[in-house]
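Single-letter residue listing:
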Amino acid sequence: MQRIPLLISLLSLVLLATTAWPAAPAIALPPSARLETGSGSLERLVIAARDGEAHVYLHGAHVTHFKPRHSGPVLWVSKNSSFVGGSPGKPIRGGVPVVFPWFADNLPKKGDPGHGLARLFPWTLTSCTELPDHRVCAVLELRSDGRTRPLFPHEFHLKLTITVGSELEMELTAANTGSSPFTCEEALHTYFAVGDARQVSVSGLEGAPYIDKVDSYRRKTGEAGALRITAETDRIYAANRAAVSIADPVLKRTITVEKTGSQSTVVWNPWIRKGEALLDLAGQQWPWMLCVETANVGTDAVTLAPGASHTLTARIHIRAL
Ligand code: TA6
């Protein structure tokens, strides 16, 4: 009769080992990176490099945190954000949403999700390595399949390469893996953390033409001086490859975004009314965020022939004021 308790104990140990033991990552991780369960029980990669740290949710390959060692958090995430996975799940409000294959409400058909599908699906972490200069580089990938085809009837392969150190580098490569060409819009829709959007100055876009989404998409010319946020601001600067800087007197720093492979820059702050209308942004949070997005949208959309690919990159760095 003594055997039964022993058998139960052994079975309990086996059960504990299989359920409590974290699922082994499919890939080897350097000591400066680990996978853990984040908000909404979604899996996230936590990177603690020598010169900076970051969090990347596998859901949407969504960077939600970047902090250089000598500055505060650079990205803003809403206190009300959803963290709901699935295929598709829900978008995370803040950080760096990956926008593909359409931008905003430029929907293929009524009811399709704003800003495309990439931010709504689970990506696969395919590599994570520490470089000789102590930066950490992670690669996440999303391939078209039966879940994406109802939304976008083309074969594609997306790869997001995230390199973390004192700067944050993101490289988004979109490849056409099918037999017919397609045109896509894309963006790294970055939400920057600012001390007060009403006090920042945005430089690099002086005198540049833009589309004003807040004024019936009218085509306008940017101010001669730095852009200030004094109302709802939603601008698409087309054919623009300039680096953009956000001078923040409250946080006493300047954030600069340099880019390659991107012809569009989008600047967005919802201001009071829209800021409260977006339930996952509400709660008077709008002064603490400003989007400067690295994109190819509208007339800058990208057409990929079968087998072709396109890469856009954003490099974010900070300078103390
Ligand atoms: O990039 C600016 C924008 O297109 C705004 O018009 C606003 O809709 C914002 O994106 C947020 O979009 P989302 O679908 O994330 O609520």
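Residues numbered from 1 in each chain as written. Predicted model: local features only at pLDDT ≥ 70, side-chain atom pairs only at ≥ 80, totals over all residues. Heavy atoms only, no water.

> I keep staring at the nonpolar core and nothing clicks. Help me out?
With 74 residues, the main nonpolar core has Phe 100, Trp 123, Leu 160, Met 170, Leu 188 and Phe 192 as its most contacted residues. Sorting elements by how many residues they give to this core places strand β8 (residues 156–164) first, with five residues. With residues up to four places along the chain from it excluded, the contact list for Phe 192 reads Val 74, Leu 75, Trp 76, Ile 246, Ile 255, Val 257, Trp 288, Met 289, Leu 290, Val 292 and Ile 316. Membership of the second largest hydrophobic core comes to nine residues, among which are Val 99, Ala 104, Ile 236 and Ala 295. (Core = buried A, V, L, I, M, F, W, Y, C linked by side-chain atoms within 4.5 Å. Buried < 20%, exposed > 50% of the residue type's maximum accessible area, 1.4 Å probe, protein only. Helix = DSSP H or I, 4+ residues; strand = E, 2+ residues; numbered from the N terminus. Contact = heavy atoms within 4.5 Å.)

> It is not clear to me how the site of the ligand should be interpreted in this structure. Could you clarify?
What surrounds the ligand is a group of 13 residues, the closest being Arg 93, His 115, Arg 119, Asp 234 and Glu 293. In this structure, an oxygen atom belonging to the ligand sits 2.8 Å away from a side-chain N or O atom of Arg 93. Within the side chain of Arg 119, one N or O atom sits 2.9 Å away from an oxygen atom of the ligand. With the chains in place, 85% of the 390 Å² that the ligand exposes on its own is no longer accessible. Under a 2 Å grid-point criterion requiring more than half of the atoms, the pocket assigned to the ligand is the largest pocket. Of the residues assigned to the shell around the ligand, the class counts are five nonpolar, two polar and six charged. (Near = heavy atom within 4 Å. Polar contact = N/O pair within 3.5 Å; in protein donor to acceptor, adjacent residues only side chain to side chain. Areas by Shrake-Rupley, 256 points an atom, 1.4 Å probe, with all protein chains shown as cover. 1 Å grid on protein atoms, 1.4 Å probe; cavity = no way out; pocket = protein on both sides within 12 Å on 5 of 7 lines; lining within 4 Å. Sits in = over half its atoms within 2 Å of the grid points. Nonpolar A, V, L, I, M, F, W, Y, C, P; charged D, E, K, R; others polar.)

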